[in-house]
Amino acid sequence: MVMPNLYGNIVNNVCAGLVGGPGLVPGANYGYDYAVFETATRNTGKSIANRNIANPTAALLAACMMLDHLRLHSHASTIRQAVLASLDDPRTHTPDIGGQGTTSGAVQSIISHLPRA
């Protein structure tokens, strides 16, 4: 969908809520000269700051979108596959998606799914 920023924010927030929350959904804003990649919602996360419970999925998937935009598709695909594979392990689910996992635990799980160089 293409729409002005205000309506885009509203639709982003509603859609993120439908699929599990802001910790899961990446977002992108494209202009003529620049592109910005971020989590789909603009939730500042003050209530979870310094508690090691933030879900890193949306930020990492946004990074994958940036890599795709930069035509670094193989890197994006490798990271995206590791992120998605880690979601299969309920032990790493953070509280926002009904688990008791931690941010660092989720990141370690993602790293463990990356191929060794």
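The sections below set out a description of the structure shown in this document. Worth saying up front: this structure is predicted, and the values here are computed from it rather than measured.

Quick word on the overall build of the protein
Part 1 of the reasoning: A tally of regular secondary structure across the protein gives 4 helices and 2 strands.
Part 2 of the reasoning: Counting from the amino terminus, helix and strand elements in the protein follow one another as α-β-β-α-α-α.
Part 3 of the reasoning: Whereas a compact globule of 117 residues would reach a radius of gyration of roughly 13 Å, the protein reaches 15 Å, a difference of no more than 12%.
Part 4 of the reasoning: When its C-alpha atoms are laid out on the principal axes, the protein stretches across 40 × 35 × 25 Å.
Part 5 of the reasoning: Counting every position in the protein, which comprises 117 residues, the buried fraction comes to 29%.
Part 6 of the reasoning: Put simply, 53% of the contacts in the protein that link residues at least 6 apart link residues at least 24 apart.
Part 7 of the reasoning: Element-wise, carbon and sulfur atoms account for 59% of the exposed surface of the protein, whose accessible area totals about 7900 Å².
Part 8 of the reasoning: Distance between charge centres in the protein, computed from 7 positive and 6 negative side chains, equals 5 Å.

Structural notes on the side chain of Asn-55
Part 1 of the reasoning: Note on placement: Asn-55 falls in the loop between strand S2 (35–39) and helix H2 (57–69).
Part 2 of the reasoning: At 2.7 Å, the side chain of Asn-55 forms a polar contact with the side chain of Thr-57.
Part 3 of the reasoning: A polar contact is formed between the side chain of Asn-55 and the side chain of Asp-96, at a distance of 3.3 Å.
Part 4 of the reasoning: Residues within four places of Asn-55 in sequence aside, it is in contact with Gly-23, Leu-24, Thr-94, Asp-96 and Ile-97.

Regarding the pairing of S2
Part 1 of the reasoning: Two elements, strand S1 (residues 26–30) and S2, share 5 bridges in a ladder whose sense is antiparallel. Residue Pro-26 lies in a different strand from S2, and its bridge partner there is Thr-39.
Part 2 of the reasoning: In this structure, the hairpin formed by S1 and S2 is closed by a connection of 4 residues.

Brief notes about the packing of H2 against helix H3 (residues 73–86)
Part 1 of the reasoning: Two elements in contact, H2 and H3, have axes whose closest approach is 8 Å; the angle formed by their N-to-C orientations is 160°. On the basis of their axis angle, the class for H2 and H3 is roughly antiparallel. Remark: the crossing between H2 and H3 carries left-handed chirality. Along its contact with H2, which presents Thr-57, Leu-60, Leu-61, Cys-64, Met-65, Leu-67 and Asp-68, the element H3 presents His-73, His-75, Ala-76, Ile-79, Arg-80 and Val-83.
Part 2 of the reasoning: Taken together, the residues of the contact of H2 with H3 sort by class into 8 nonpolar, 3 polar and 2 charged.

Thresholds applied
- Residues numbered from 1 in each chain as written.
- Predicted model: local features only at pLDDT ≥ 70, side-chain atom pairs only at ≥ 80, totals over all residues.
- Heavy atoms only, no water.
- Helix = DSSP H or I, 4+ residues; strand = E, 2+ residues; numbered from the N terminus.
- Rg over C-alpha atoms; globule rule 2.2 N^0.38 Å.
- Buried < 20%, exposed > 50% of the residue type's maximum accessible area, 1.4 Å probe, protein only.
- Contact = heavy atoms within 4.5 Å.
- Areas by Shrake-Rupley, 256 points an atom, 1.4 Å probe, with all protein chains shown as cover.
- Lys, Arg positive; Asp, Glu negative; His and termini not counted.
- Charge placed at Lys NZ, Arg CZ, Asp CG, Glu CD.
- Polar contact = N/O pair within 3.5 Å; in protein donor to acceptor, adjacent residues only side chain to side chain.
- Pairing = 2+ DSSP bridges.
- Axes fitted to C-alpha atoms, helices over the stretch in contact; angles between N-to-C directions.
- Parallel < 35°, antiparallel > 145°, perpendicular 65-115°, else oblique.
- Left-handed = near helix turned anticlockwise from the far one by under 90°.
- Nonpolar A, V, L, I, M, F, W, Y, C, P; charged D, E, K, R; others polar.

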